[in-house]
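Reading the structure
Residue strings, one per chain:
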Amino acid sequence: MSGGQSLLFSIFWVLHTHPCPYTEPSVPEGRGLNLSEENGKEVLFEVTEDHLDSGLRGIPVGTCRTSFVDPKKGVHYCGYPVGDLAEMDPEDVIFLLFEKRLPNRQESQDFRHELAQRAERMPTGALRVLESLTPSSGHPMDWLSIGIQALGLAETTGDIRADGLNLISRMPELMATIFRLRGGRGLPEVASEPELGMVENFVHLLGMDGVDANRMTRTLRVFLVLHMDHGGGNLSTFTGKAVASGWASLYGSISSAMNALSGPLHGRANQSCLEFVQRIGTSDEAEVESFVRKELAARRPIYGFGHAVLRAEDPRAAAQFKLGEEICPDDPNFQTVKTLRVVAPRVLGENPKISNPNANVDIASGTLLNAVGFHKPDYYTTFFGWARVAGISAQILDERNARGGRGTPIYRPKYIAADPTIRRLD
Ligand code: NMX
Ligand code: MLT
């Protein structure tokens, strides 16, 4: 490729033929964006050698209609700052991600009814697959991925919108089934009541004794809304769309996305974060600081801090701290995360390599889930996955509808040979 060592190639965007109302300003500030025009096309980004083997960091690859992430102000769903949506019905936010506008009262009711109808008659084959797994075995994210794949075996239609909405509607029962079977409690003992609402039905099917169902429901509703979408390039969303671009099924694509989400640097950070907070076991500033320093010295991540795109505290973290003040202000774990929120950015900020030392979405979510009755951190990422099913499905649908219905072409980024020497067998 011409252009010398440093400039490998440029990415062009034809603004007049592809108006781009939603851009994801994911490029870290001061890096990359070049707004000069070349051949009537805007140069968005220059890719240099430094960008190779960087996890595609900041390289624009497409457009996203469901959400964009502002490095300082966080994620916006179809333009709305996520904090403004936190108290809404999760079903209305799903409508927003699919339709790119909020529903009116009638549409909201109709959509909830549509989801409830789609939730009827869970395929028994999918349940049997889950029943065949041994209680307690494997990580709950493996169960989620297997459960989604099993649902796909039973009911893939090939219509991405229908498959996405069917899967979304099945998630409460799938989640409750995973929690109960893996916990050795058998299938849900009560009939599914999808008309209750997604979170309400999940809590009903879960049938947990000794918990405050209203507090649990309230927390989960906010959790779901905050975690539904985060731009187009986060690992799980990107993975789901990449798999879908080869015309794999919606279920197979989302199942792959769940596997991507299961890593501790991505979604499973919410599990790791609470485990880490419980290990700290104090809210004393000096002790918390010493713990953070020891973790860093042992080359372990400080879970719940840092981000590939954000360059300020995540508004989703702020929303969860606010909720925590309401539902569990005196909880010891909550006291610890409040101290961590102050101490960790100061310590991480000493390392100039760390682009964002501030709290991310995972800092407080485990603490809140624990406070409302979910005491096993290994289940936390499944809630993240449940939420993301909505955003990723909506994004897959948008990509399948692109180019006048021909869909976004199959993903195929370029890798440059580390050593292009041709070798021959003797
Ligand atoms: N703790 C320790 N080291 C960190 C942290 C952190 N919280 N954040 C960044 N670094 C390191 C990072 O590992 C990298 O080191 P190296 O050059 O040796 O590979 C260096 O700082 C530069 O990283 P950044 O460019 O600031 O961040 P990057 O985009 O590579 O990674 C995360 C982003 C989110 C993976 C990283 O901040 C991290 O590992 N955070 C802790 C795990 C976590 O909370 N993940 C959840 C993210 C949100 N989500 O839910 O998906
Ligand atoms: C998030 O929700 O923060 C993500 O999925 C991680 C990202 O945006 O890269």
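Residues numbered from 1 in each chain as written. Chains lettered and ligands numbered in written order. Predicted model: local features only at pLDDT ≥ 70, side-chain atom pairs only at ≥ 80, totals over all residues.

Some words on the overall build of the protein
The condition is simple: Comment: elements are numbered from the N terminus, with helices defined as DSSP H or I runs of at least four residues and strands as E runs of at least two. C-alpha atoms define the radius of gyration in this analysis, and the globule rule sets the expected value at 2.2 Å times the number of residues to the power 0.38. Residue pairs are scored as contacts if the distance between their C-beta atoms, which are placed from the backbone, is within 7 Å.
Looking only at helices and strands, the protein features 16 helices and 6 strands. Its C-alpha radius of gyration of 22 Å places the protein within 12% of the 22 Å reference for a compact globule of 426 residues. Expressed as lengths along the three principal axes of its C-alpha atoms, the size of the protein is roughly 65 × 60 × 55 Å. Pairs at least 24 apart in sequence give 76% of the contacts found in the protein among residues at least 6 apart.

Overview of the sheet that holds strand β5 (residues 74-77)
Which entries qualify depends on this criterion: Note: two strands are recorded as paired if DSSP finds a minimum of 2 bridges between them.
The 3 strands are arranged β4-β5-β6 in an open sheet whose pairing can be described as antiparallel. The open sheet has two edge strands with one neighbour each: β4 (67-70) and β6 (80-81). Inspection of the sheet shows β4 paired to β5 by 4 bridges, in the antiparallel sense. Each residue of the ladder has a partner; that of valine 69, found in β5, is valine 75.

Observations regarding the packing of helix α11 (residues 269-280) against helix α15 (residues 362-371)
Test applied: Lines fitted to C-alpha atoms define the axes, with helix axes restricted to the stretch in contact, and inter-axis angles between N-to-C directions lie between 0 and 180 degrees. Angles below 35 degrees are treated as roughly parallel, those above 145 as roughly antiparallel, those between 65 and 115 as roughly perpendicular, and all remaining angles as oblique. Side-chain classes follow a simple rule in which Ala, Val, Leu, Ile, Met, Phe, Trp, Tyr, Cys and Pro form the nonpolar group, Asp, Glu, Lys and Arg form the charged group, and the remainder, Gly included, forms the polar group.
In the contact formed by α11 and α15, the axes pass within 8 Å of each other and the chain directions differ by 70°. Classified by the angle between their axes, α11 and α15 sit roughly perpendicular to one another. Only Asp362, Ile363, Ser365, Gly366, Thr367 and Asn370 of α15 make contact with α11, whose side of the interface consists of Ala269, Asn270, Gln271, Cys273, Leu274 and Val277. Grouping the constituent residues of the contact of α11 with α15 by class yields 5 nonpolar, 6 polar and 1 charged.

What to know about the site of ligand 2
The condition is simple: By definition, a residue lies near a molecule or strand provided its backbone-derived C-beta atom is within 6 Å of it. Each domain's extent was defined by an automatic or database domain assignment.
Around ligand 2 lies a shell formed by His230, Gly231, Asn234, Ala308, Val309, Asn360 and Val361. The residue makeup of the shell around ligand 2, split by class, is 3 nonpolar, 4 polar and no charged. Structurally, the shell around ligand 2 is a two-domain feature, drawing no fewer than three residues from each of domain 2 (84-261 + 382-405) and domain 3 (269-371).

Quick look at the site of ligand 1
Surrounding ligand 1, one finds 20 residues, the nearest of these being Ala269, Ile302, Gly306, Ala308 and Ser355. Class assignment of the residues belonging to the shell around ligand 1 gives a composition of 10 nonpolar, 8 polar and 2 charged.

Observations concerning the nonpolar core
This is how it is decided: To form a nonpolar core, buried Ala, Val, Leu, Ile, Met, Phe, Trp, Tyr and Cys residues must be joined through C-beta atoms within 7 Å. Residues are called buried when their C-beta atom has 20 or more other C-beta atoms within 10 Å, exposed when it has 12 or fewer, and partly exposed otherwise; all C-beta atoms are positioned from the backbone.
Within the largest apolar cluster, 106 residues are counted, with the highest numbers of intra-cluster contacts made by Leu97, Leu167 and Ile254. When residues of this core are assigned to domains, at least three map to each of domain 2 (84-261 + 382-405) and domain 3 (269-371). If we ignore the near neighbours within four places in the chain, the residues touching isoleucine 254 are Ile148, Leu167, Gly240, Val389, Ile392 and Ser393.

Digging into the environment of glutamate 189
Structurally, the position occupied by glutamate 189 is in the loop between α6 (160-182) and α7 (198-206). Residue classification places glutamate 189 among the exposed positions, given that 9 C-beta atoms sit within 10 Å.

Concerning the environment of alanine 364
For alanine 364, the location among the structural elements is in helix α15. Counting along the chain gives 47 residues from alanine 364 to alanine 317, while the straight-line C-alpha distance between them is 6.6 Å. Apart from residues lying up to four places away in sequence, alanine 364 is in contact with Ala317, Gln320, Phe321, Gly324 and Val337.

Considerations on helix α14 (residues 332-348)
Along an α-helix, residues three or four positions apart point the same way, because every turn accommodates 3.6 residues. Put simply, the rule is: A helix is expected to span 1.5 Å multiplied by its residue count minus one.
In a regular helix each residue adds 1.5 Å, so 17 residues correspond to 24 Å; α14 covers 23 Å between its end C-alpha atoms and thus fits that length. Of all the residues in α14, the buried ones are Asn333, Phe334, Thr336, Val337, Thr339, Leu340, Val343, Ala344 and Val347.

Quick word on the packing of α11 against helix α16 (residues 380-401)
Going by this rule: With the far helix as reference, a near helix turned anticlockwise by less than a right angle produces a left-handed crossing, and one turned clockwise produces a right-handed crossing.
Packing of α11 against α16 brings their axes to within 7 Å, and their N-to-C directions diverge by 150°. Considering the angle they form, α11 stands roughly antiparallel to α16. For the crossing formed where α11 meets α16, the hand is right-handed. Mapping the contact onto sequence places Asn270, Gln271 and Leu274 in α11 and Tyr380, Thr381 and Phe384 in α16.

A word on α7
With 8 of 9 residues buried, α7 lies mostly within the body of the structure. For α7, the full list of buried residues reads Met198, Val199, Asn201, Phe202, Val203, His204, Leu205 and Leu206. Where the residues of α7 are buried, they touch α2 (90-99), α6 and α8 (213-227). Just past α7, the residue glycine 207 takes up positive phi, approximately 60°.

Some points on the environment of serine 108
Considering the arrangement of structural elements, one finds serine 108 in helix α3 (residues 105-118). Judged by C-beta crowding, with 16 C-beta atoms within 10 Å, serine 108 ranks as partly exposed. Spatially, the C-alpha atoms of serine 108 and aspartate 163 are 20 Å apart, while their sequence positions differ by 55 residues. Among residues more than four places away in sequence, those in contact with serine 108 are Asp92, Phe95 and Pro103.

Structural notes on the confidence of the model for the protein
To keep things clear, this is the line we draw: Values of pLDDT, ranging from 0 to 100, describe the predictor's confidence in every residue of the model.
In this model, the protein carries a mean pLDDT of 92, and residues with pLDDT of at least 70 account for 91%. Every residue in residues 1-34 is under pLDDT 50, and counting partners more than four places away or in other chains gives 66 contacts.

Focus on unusual backbone geometry
At lysine 100, a position not held by glycine, the phi torsion is positive, near 70°. Here lysine 100 shows up in the loop between α2 and α3. Taking the number of C-beta atoms within 10 Å as the measure of exposure, lysine 100 has 16 and is therefore partly exposed. The phi dihedral of tryptophan 247 falls on the positive side, at around 65°, and the residue is not glycine.

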